[in-house]
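Report on the structure
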Amino acid sequence: MSARYPIISITGSSGAGTTTVKDTFEKIFKRENVSASFIEGDAFHRYDRETMRRKIADEKARGVDFTHFSAEANELEILESVFAEYGRRGVGRTRHYVHDDAEAAKYGAEPGTFTNWEEFGDSDLLFYEGLHGCAVTDTVNLAQHCDLKIGVVPVINLEWIQKIHRDKATRGYSTEAVTDTILRRMPDYVHYICPQFSLTDINFQRVPIVDTSNPFIARWIPTHAESILVIRFAKPQSIDFPYLLSMLHNSFMSRANSIVVPGDKLDLAMQLIFTPLIHKLLERKHRMS
């Protein structure tokens, strides 16, 4: 962690909804006149799309499931060096993984490839969104570098529904192909993704209140109005729960460190929770400057 150059890390698996959280932070940054450097977890994959497909096939022939969730499929050592360098000097480097034709036009690179590494800096803080923002392995400890760690963790059936619908709509995959990916990733999900949510400062878990018993045949994603949001705080003593309860109609405390909020108040809840935390990071930064 760094008082002068704070890092915010948003961690969640594919289909969890981390992009929604990123969008809310961008609104806060714009409203509060905060400059942020953004890095994406996908930029630190070890392999481009075609190489990854060959790697998956080679490992499958050996009876091994190889997925993007694993540490071996990602440049976590480079990511940690970026976190550490930003914490020391407020600078770093990143690149972009090009997902589709729209991004190809934007970045001038083929879908499934990486752009060149570029330097960034001159910002109030660093914002990471991806799979491994709080990952701890035998060789890296990313969590130790982050000043605010947020987990985005829908219940598993909802997470699968969101991934199936997203991958079918935006990537042209079949339900069977997405299901195969989910099954292959499960061991790595358990070993690399889940443990991070014990290290986060705040977890946002969306829970549908409609039937999601069989996510593989769900015709649509449950809306936010058809969900509740369980928000868990690692350090509840610093949170003004009476204020949140008064501002978030129909919310209630389920435990001393958890508040339950109607799902359609997700954006408002995040605005109310994150804005004072960002102010604290920046006040600490200015005291050290």
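Residues numbered from 1 in each chain as written. Predicted model: local features only at pLDDT ≥ 70, side-chain atom pairs only at ≥ 80, totals over all residues. Heavy atoms only, no water.

Inspection of the secondary structure puts S123 in the loop between strand 4 (118-121) and strand 5 (125-130). In terms of polar contacts, S123 uses its side chain to reach the side chain of Y86, at 2.8 Å. Side-chain polar atoms of S123 contact the backbone oxygen of L125, separated by 3.4 Å. In this structure S123 touches S35, A36, S37, Y86 and K285, once residues within four positions along its chain are discounted. (Helix = DSSP H or I, 4+ residues; strand = E, 2+ residues; numbered from the N terminus. Polar contact = N/O pair within 3.5 Å; in protein donor to acceptor, adjacent residues only side chain to side chain. Contact = heavy atoms within 4.5 Å.)

Quick look at helix 1 (residues 18-31) now. The terminal C-alpha atoms of helix 1, which comprises 14 residues, lie 20 Å apart, in line with the 20 Å expected from a rise of 1.5 Å per residue. Listed as buried for helix 1 are T18, V21, K22, T24, F25, I28 and F29. All buried residues of helix 1 lie within an arc of 160° about the axis, which places them on one face of the element. Note on helix 1: the residue one or two positions beyond its end, N33, has a positive phi of about 60°. (Expected span 1.5 Å × (residues − 1). Buried < 20%, exposed > 50% of the residue type's maximum accessible area, 1.4 Å probe, protein only. Arc of directions from axis to C-beta.)

Throughout the structure, instances matching the rule amount to 13 salt bridges. For R284, the salt bridge identified is with D147, shortest N-O distance 2.7 Å. Within this pair, whereas R284 is found in helix 8 (residues 266-288), its partner D147 is found in the loop between strand 5 and strand 6 (148-152), the two being separated by 137 residues in sequence. Salt-bridge contacts for R184 lead to D180; the nearest nitrogen and oxygen are separated by 3.4 Å. You can see R184 and its partner D180 sitting in helix 6 (residues 175-193), four residues apart, about one turn around the helix. Taken together, the salt bridges that share partners define one network made up of K55, E59 and R62. (Salt bridge = Lys/Arg side-chain N within 4 Å of Asp/Glu carboxyl O.)

Here the focus is the UniProt feature "domain: Phosphoribulokinase/uridine kinase" (unreviewed entry) in the chain. The residues that UniProt annotates with the feature "domain: Phosphoribulokinase/uridine kinase" (unreviewed entry) are residues 7-213. In residues 7-213, helix accounts for 40% and strand for 17%; the two terminal C-alpha atoms are 38 Å from one another. (UniProt positions renumbered as here; feature names shortened; annotations may be inferred.)

Next up on the list: the side chain of E80. Locating E80 in the fold gives a position in helix 3 (residues 76-89). Buried charge E80 goes without a salt bridge, the closest partner of opposite sign being R88 at 9.3 Å. Within the structure, the side chain of E80 is placed 3.2 Å from the backbone nitrogen of N141, a separation counted as a polar contact. Sequence-distant contacts of E80, that is, excluding residues within four places in its chain, are made with T139, V140, N141, L142, Q144 and H145. (Lys, Arg positive; Asp, Glu negative; His and termini not counted.)

Summarising burial for strand 10 (residues 258-262): five of the five residues are buried, a large majority. Neither face of strand 10 is left uncovered, since the one carrying S258, V260 and P262 and the one carrying I259 and V261 both have all their residues buried. Here strand 8 (residues 227-233) runs beside strand 10; their pairing, made up of five bridges, is antiparallel. Bridge pairing in strand 10 links V230 to V260. Where strand 9 (residues 252-255) meets strand 10, three bridges bridge the pair, whose relative direction is antiparallel. Across the sheet, F252 pairs through a bridge with V260, a residue of strand 10. If you look at the hairpin formed by strand 9 and strand 10, you'll find two residues sitting between the two strands. (Pairing = 2+ DSSP bridges.)

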